[in-house]
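Remarks on the overall topology
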Amino acid sequence: MTLLAERPSPLSHPEEPEHGHEPSGVLNWLTSTDHKVIGKSYTITSLVFFCLAGVMAVVIRTQLASPDGTIVSQHTYNELFTMHGSLMLYLFAGPFAFGGLANYIVPLQVGAPDMAFPRLNALSYWLYLTGGLTMIAGFLTVGGAADFGWVAYAPLSNAVNSPGAGPDMWIVALVLTGFSAIFTGVNIVATIFYLRAPGLTMFRLPIFTWNMLVTAILILVAFPVLTAALILLWCDRHLGAHIFTTTGGGVPVLWQNLFWFFGHPEVYILALPYFGMVTDVLATFSRKPVFGYRGMIFATISIGALSTAVWAHHMFTTGVVLLPFFSLMSYLIAVPTGIKFFNWIGTMWRGSLHFTTAMLFAVGFLIVFLFGGVTGVLLAAPPVDFATHNTYFVVAHFHEVLFGSAVFGGFAGLYYWYPKMTGRMLRERLGQASFWFMFIGFWVTFLPQYLLGLHGMPRRIAEYAASEGWTGLNRVSSVGAYLLFISVAIMVVNFYISWRRPIVASGNPWDGQTLEWAAASPPVHHNFTWLPPVRSERPVWDFNHPEHTTQQHRQSDHATDGLVGVATTGFTDTGEESE
């Protein structure tokens, strides 16, 4: 069975308002279990956290624009870079992808009426929001917010070195958001396996859905480890457990092993959803099927498997890990990523390219992530890692990879699916202006940081002497941060104008290929009134462009018309179960 219950045919009662008994307005946002409302809630909330983190980044870059900066104190600076990293990684990059866009799009891409567990889905969002507000509220405590970095290395994060309520609130926040992620992972896996539409086999799923499946499985592997580590840290801080302190026989490096066993799969938990978004965008705006479709799937599975064997890549300088093994694993995981790049290029090759804002962000992702990946290969060599580990070289690499995927890839997906989510079109000129400010600002910000790292500037310092010779590069990097700020401001203006002066979007404004484009924009409560017959990985394209389908598909259409019940619109009534 692909549906839990039959849905009534819209042909029976064409004038009947759908679900008119449900609350509307603010009450609907507060009480709804509809995956679309929850997905939009995640998206808006995560974008707010992204903007807050961006403001912190601008303050950090302003502080470093001049030697001996006095914009903020050393303690405040430590709070800012800790909370900037925490908001970007824990409250934006992940929740935006698997809480926001995946929550909204995955049920549509598999032809489901909702997530498998709607109430659990709603609980996941409220846990995420509560955790995020708890983390931010650390600034209101007497000692301020957490200031030990987003990785919370022991013993820096113990009660002696980081006293106060702010660090405790950071720990509680991550436990809450961790459970939110775990529940969302369970929901995504169950939805993909059990609520697929008739004919939608696993090897007909869109690449975005496949990537979300692998991401959800990684979440179920990695987040319980982080939750356990946070509980142990709490016990260290309040119960005198001495798990991570040498005074009681503990081992500080144990925290690094636990954290990075979560942290390196987390890198791909943050990257894989955006790989899927970019793949769907490139295929749509190249007017081609995904090149090497099954190769993309197996590359994604390989990345997921290998990511659990690379955690000590971040621990080369500790001296307690087997360098040849983890170096080899770090090189090996680059292979399936390289396969994806060839497939992305192959998808665009000789395609009918349409450079919309979404396509520009997707191509920008390819360029930025490629450069970040190349520097990652350099850092996989222990001698290079020893020389650059605690420098701005690593800061630049880290932002190339995660900013390149979460922001460029994420905004590609946001501009692509915004008409589907809202029924409105964003302004292309403003969108493209936002892209160019972001693309140029990105390189102006982070290329100088590579040079600063090679010149020996350590990360996490609030000031430096003019005699070090770092002033010029820092000022260039700060100018780039201001350009990024302008880019995001233009995007916010675009959203505002779209809301105040809407341009109505059609059901399929991009001529999309996958099942979500068979629904209205925005979709009705249970998503679909009709579904196209599914005989390939791009059923909507097959139906809208029968001249491009294979002869085999045409013959299959004629042979099964009586079974799928093609109506005048060409879609099948999902109220009638098809075999």
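Concerning the overall build of the protein
Secondary structure assignment for the protein yields 17 helices and zero strands. Computed over the C-alpha atoms, the radius of gyration of the protein is 24 Å, within 12% of the 25 Å expected from 2.2 N^0.38 for a compact globule of 579 residues. On the principal axes, the C-alpha backbone points of the protein span a range of 75 × 50 × 50 Å. Across the 579 residues in the protein, those meeting the buried criterion constitute 59%. Sequence-distant contacts in the protein: of pairs separated by 6 or more residues, those separated by 24 or more amount to 82%. The protein carries 25 positive and 30 negative side-chain charges, and their two centres are separated by 7 Å.

Topic: the packing of aromatic side chains
Overall, the coordinates contain 59 aromatic pairs when judged by the stated rule. Note on Phe-365 and Phe-369: the rings are 5.4 Å apart at their centroids and 25° apart in plane angle, and the pair reads as stacked. You can see Phe-365 and its partner Phe-369 sitting in helix H11 (residues 357–379), four residues apart, about one turn around the helix. Each member of the pair, Phe-365 as well as Phe-369, is classed as buried. With a centroid separation of 5.6 Å and 90° between ring planes, the pair formed by Phe-442 and Trp-443 is classed as edge-to-face.

Description of the domain arrangement of the protein
Examined at the domain level, the protein breaks down into domain 1 (31–544) and domain 2 (545–579). Computed from C-alpha atoms alone, the centre-to-centre distance between domain 1 and domain 2 is 38 Å.

Quick look at the side chain of Gln-449
With respect to the element layout, Gln-449 can be found in helix H14 (residues 428–454). Of the polar contacts made by the side chain of Gln-449, one reaches the side chain of Ser-477; its length is 3.0 Å. When residues no more than four places from it in sequence are discounted, the contact partners of Gln-449 are Arg-61, Tyr-392, Phe-393, Val-395, Ala-396 and Ser-477.

Here's the deal with the environment of Ser-467
Residue placement: Ser-467 occurs in the loop between H14 and helix H15 (471–500). The exposed category is assigned to Ser-467, whose relative accessible area is 70%. In sequence terms Ser-467 and Pro-67 are 400 residues apart; their C-alpha atoms lie 9.0 Å from each other.

Description of the packing of helix H2 (residues 35–64) against helix H3 (residues 74–109)
For the pair H2 and H3, interaxial distance at closest approach is 7 Å and the crossing angle is 155°. Accordingly, the angle class assigned to the pair H2 and H3 is roughly antiparallel. Of the two possible hands of crossing, H2 and H3 adopt the one that is left-handed. A breakdown of the residues in the contact of H2 with H3 according to their chemical character gives 26 nonpolar, nine polar and two charged.

Some words on the nonpolar core
Trp-170, Phe-408 and Phe-411 are the most contacted members of the largest nonpolar core, which has 166 residues in total. Among the elements that take part in this core, H3 stands out by supplying 20 residues, more than any other. Apart from residues no more than four positions distant in its own chain, Trp-170 is found in contact with Met-83, Ser-86, Tyr-90, Met-135, Ala-146, Phe-148, Gly-149, Trp-150, Ala-152 and Leu-230. Formed by five residues, the second largest nonpolar core is a distinct cluster that contains Leu-379, Phe-393, Val-394 and Ala-396.

Things to note about the pattern of salt bridges
This structure, assessed with the given rule, holds two salt bridges. Across the pair Arg-237 and Asp-168 runs a salt bridge, and its minimum N-O distance is 2.8 Å. Taken together, the residues span a long stretch of sequence, with Arg-237 in helix H6 (residues 207–239) and Asp-168 in helix H5 (residues 165–194) at a distance of 69 residues. The class of Asp-168 is buried, set by a relative accessible area of 11%.

Reading guide: rules and limits
- Residues numbered from 1 in each chain as written.
- Predicted model: local features only at pLDDT ≥ 70, side-chain atom pairs only at ≥ 80, totals over all residues.
- Heavy atoms only, no water.
- Helix = DSSP H or I, 4+ residues; strand = E, 2+ residues; numbered from the N terminus.
- Rg over C-alpha atoms; globule rule 2.2 N^0.38 Å.
- Buried < 20%, exposed > 50% of the residue type's maximum accessible area, 1.4 Å probe, protein only.
- Contact = heavy atoms within 4.5 Å.
- Lys, Arg positive; Asp, Glu negative; His and termini not counted.
- Charge placed at Lys NZ, Arg CZ, Asp CG, Glu CD.
- Phe/Tyr/Trp six-rings, centres within 6.5 Å; stacked < 30°, edge-to-face > 60°.
- Domains from an automatic or database assignment.
- Polar contact = N/O pair within 3.5 Å; in protein donor to acceptor, adjacent residues only side chain to side chain.
- Axes fitted to C-alpha atoms, helices over the stretch in contact; angles between N-to-C directions.
- Parallel < 35°, antiparallel > 145°, perpendicular 65-115°, else oblique.
- Left-handed = near helix turned anticlockwise from the far one by under 90°.
- Nonpolar A, V, L, I, M, F, W, Y, C, P; charged D, E, K, R; others polar.
- Core = buried A, V, L, I, M, F, W, Y, C linked by side-chain atoms within 4.5 Å.
- Salt bridge = Lys/Arg side-chain N within 4 Å of Asp/Glu carboxyl O.

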